[in-house]
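Descriptive structure summary
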Amino acid sequence: MDRNKTDNGYRFGSLPKNAPLAMAYVPLQESVSPSYESMEALSRGTLFPGLDLPLMNIVNSELKMCPLTEMMAIDFVADELELYLDTHKDDSEAFAMYQTFLALKKEVRSRYAMQFGPISQEDMLGAKRYCWPDDPWPWDYQPKMEV
Amino acid sequence: MFVYEKKLQYPVKIKNPNPALAKFIISQYGGPDGELGASLRYLSQRYSMPYPELKALLTDIGTEELGHLEMIGAIVHQLTRNMTPEEIKKAGFETYFVDRTAGVYPTAASGFPWSAASMAVKGDVIADLNEDLAAEQKARVTYDNILRLSDDPDVNNVIRYLREREVVHYQRFGEGLRRALEKMDEKNFYAVNPAFDK
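From a predicted model like this one, the values you see are computed outputs, not experimental measurements.

**With respect to the confidence of the model for chain B**
Residues with a pLDDT of 70 or more make up 100% of chain B, whose mean pLDDT is 98. Prediction confidence for the complex, expressed as pTM and ipTM, is 0.97 and 0.97 respectively.

Set out below in structure tokens:
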């Protein structure tokens, strides 16, 4: 995104003009733009600059690009857009972006699984042997995390 | 049904084991505002939710929280690897160790085991969504507090990520409440509970 942008409009959402009493209202996010590119989104924990509200303004530095983080970043954007769409089902711009990421996810996922092992059951279809139980499992410490 | 994906949502790679940190980070595994309670709260509330968007939102956020439970488990597991009895004593980890060794058990930092009493399912659209808004704030504060206590950058990157997810979920639950209100009687939102009254 353009960091020099002086228009901070994306930080604000819309509230009802006349809100009945005795109810809590959160402003509606109006759009999926602006949004971070996928690796920055994963590193910061949100796709949306307007929702990026870190403690003491300390932000994570960007994750290193490797096949694993590349896959995680694309999966993350798809999941983030899914939550947005759950409350904005008629937002066609968001839906188009979601579908773009789903296509990208499919491509990156099958490339990753071919090289480093299965992520899910369907990845076993193209495997040469039953490698699902193979280490590493995701929670184990791996000094080299290129895979 | 649920299907496992053999990957984390965000990488967890803790270079330096440190059981002293695991002692309080475990609270986000099984504490009152932790990820286990979060996932069960949303995945249980969805049955009585009458609106499709809200069923989707509770399912999707509840599922993501299960992924966060796995990330906290990974942090605790990696912080407690290769411990010696001396390190355990020095870190004050012996009260956990004596009961669980280096296993990951859903407990609060205080030692209180995970309890369904720390979450709620009221079966009422407005009450449950307000509960969820509060729950996301409480989880956010717990992550704030962890960041105030931890000086390990490998841990803090993951905690900052998880904290930010709470902010995003708060926004979505707030929007979910707005979507629910659009379908309710704006002259009196409390006239009926659409999850029960027909």
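**Let's talk about the packing of helix α4 (residues 52–79) of chain B against helix α7 (residues 125–149) of chain B**
Residues and elements named next belong to chain B. Taken N-terminus to C-terminus, the directions of α4 and α7 make an angle of 20 degrees; their axes are 13 Å apart at the nearest point. Classified by the angle between their axes, α4 and α7 sit roughly parallel to one another. Between α4 and α7 lies a crossing of left-handed hand. Counted together, Leu54, Leu58, Ile61, Glu65 and Ile72 of α4 and Leu129, Asp132, Glu136 and Tyr143 of α7 form the full contact between these two elements. The class makeup of the residues in the contact of α4 with α7 is six nonpolar, no polar and three charged.

**A closer look at the confidence of the model for chain A**
On average, residues of chain A score 94 in pLDDT, and 94% of them are at 70 or above. Confidence drops under a pLDDT of 50 for residues 1–5 of chain A, and excluding neighbours within four residues, the segment shows six contacts in the predicted structure.

**Focus on unusual backbone geometry**
Residue Pro34 of chain A is bonded to the preceding Ser33 of chain A through a cis peptide linkage, with omega at 0 degrees. By the secondary structure assignment, Pro34 of chain A is in the segment before α1 (38–44). The residue Asn57 of chain A is not glycine, and still its phi comes out positive at about 55 degrees. Tracing the backbone shows Asn57 of chain A in the loop between α1 and α2 (67–86). The phi angle at Asn82 of chain B is positive, at roughly 50 degrees, despite the residue not being glycine. For Asn82 of chain B, the location among the structural elements is in the loop between α4 and α5 (85–90).

**Notes on the state of the cysteines**
Taken as a whole and assessed by the stated rule, the structure comprises zero disulfides over all chains. Its sulfur unpaired, Cys66 of chain A is 19 Å from the next cysteine sulfur, which belongs to Cys131 of chain A.

**Considering the pattern of salt bridges**
Residues and elements named next belong to chain B. Summed over all chains, the structure comprises 18 salt bridges over all chains. One salt bridge connects Glu182 with Arg179, and the closest N-O pair in it is separated by 2.8 Å. One end of the pair, Glu182, and the other, Arg179, are both in helix α8 (residues 153–182), three residues apart, so they sit about a helical turn from each other. Assessed through its relative accessible area of 54%, Glu182 is described here as exposed.

**Focus on the packing of α7 of chain B against α8 of chain B**
Residues and elements named next belong to chain B. Relative orientation of the contacting elements α7 and α8 amounts to 165 degrees, with a least axis distance of 9 Å. When the interaxial angle is binned, α7 and α8 end up roughly antiparallel. Crossing geometry of α7 relative to α8 is assigned as left-handed.

**Quick notes on the packing of aromatic side chains**
Counted by the stated rule, this structure contains ten aromatic pairs over all chains. Site record: aromatic cluster; members linked through ring pairs are Trp132, Trp137 and Trp139 of chain A together with Tyr4 of chain B. Directly above the aromatic system of Trp132 of chain A lies the positively charged group of Lys6 of chain B, at a separation of 5.4 Å from the ring centroid. Above the ring of Trp137 of chain A, the side-chain terminus of Lys6 of chain B is found at 4.2 Å from the ring centroid.

**Focus on the environment of Leu177 of chain B**
Mapped onto the elements of the fold, Leu177 of chain B is located in helix α8. Taking the C-alpha atoms as reference, Leu177 of chain B lies 8.1 Å from Val125 of chain B; in sequence the two are 52 residues apart. Once residues within four sequence positions are removed from consideration, Leu177 of chain B is found in contact with Met23 and Ala24 of chain A together with Ile126, Leu129, Asn130 and Leu133 of chain B.

**A look at the interface of chain B and chain A**
Counting from both sides, the interface comprises 51 residues of chain B and, opposite them, 59 residues of chain A. Between chain B and chain A, a total of about 4700 Å² is buried, with carbon and sulfur atoms accounting for 60% of that surface. Between chain B and chain A we count three salt bridges in total. Linking chain B with chain A are 23 residue pairs in polar contact (both at pLDDT 80 or more).

**A word on the side chain of Glu65 of chain B**
All names here are of chain B. With respect to the secondary-structure elements, Glu65 resides in helix α4. Summary of buried charges: Glu65 has no salt-bridge partner, and the nearest side chain of opposite charge, Arg41, is 6.5 Å away. Side-chain polar atoms of Glu65 contact the side chain of His169, separated by 3.2 Å. In contact with Glu65, not counting residues within four places along its chain, are Glu35, Ala38, Ser39, Tyr42, Glu136, Glu166 and His169.

Definitions and limits used
Residues numbered from 1 in each chain as written. Chains lettered and ligands numbered in written order. Predicted model: local features only at pLDDT ≥ 70, side-chain atom pairs only at ≥ 80, totals over all residues. Heavy atoms only, no water. pLDDT = per-residue confidence, 0-100. Axes fitted to C-alpha atoms, helices over the stretch in contact; angles between N-to-C directions. Helix = DSSP H or I, 4+ residues; strand = E, 2+ residues; numbered from the N terminus. Parallel < 35°, antiparallel > 145°, perpendicular 65-115°, else oblique. Left-handed = near helix turned anticlockwise from the far one by under 90°. Contact = heavy atoms within 4.5 Å. Nonpolar A, V, L, I, M, F, W, Y, C, P; charged D, E, K, R; others polar. Disulfide = S-S within 2.5 Å. Salt bridge = Lys/Arg side-chain N within 4 Å of Asp/Glu carboxyl O. Buried < 20%, exposed > 50% of the residue type's maximum accessible area, 1.4 Å probe, protein only. Phe/Tyr/Trp six-rings, centres within 6.5 Å; stacked < 30°, edge-to-face > 60°. Lys NZ or Arg CZ within 6 Å of the ring centre and 35° of its normal. Buried area = accessible area lost by both parts, 1.4 Å probe. Polar contact = N/O pair within 3.5 Å; in protein donor to acceptor, adjacent residues only side chain to side chain. Lys, Arg positive; Asp, Glu negative; His and termini not counted.

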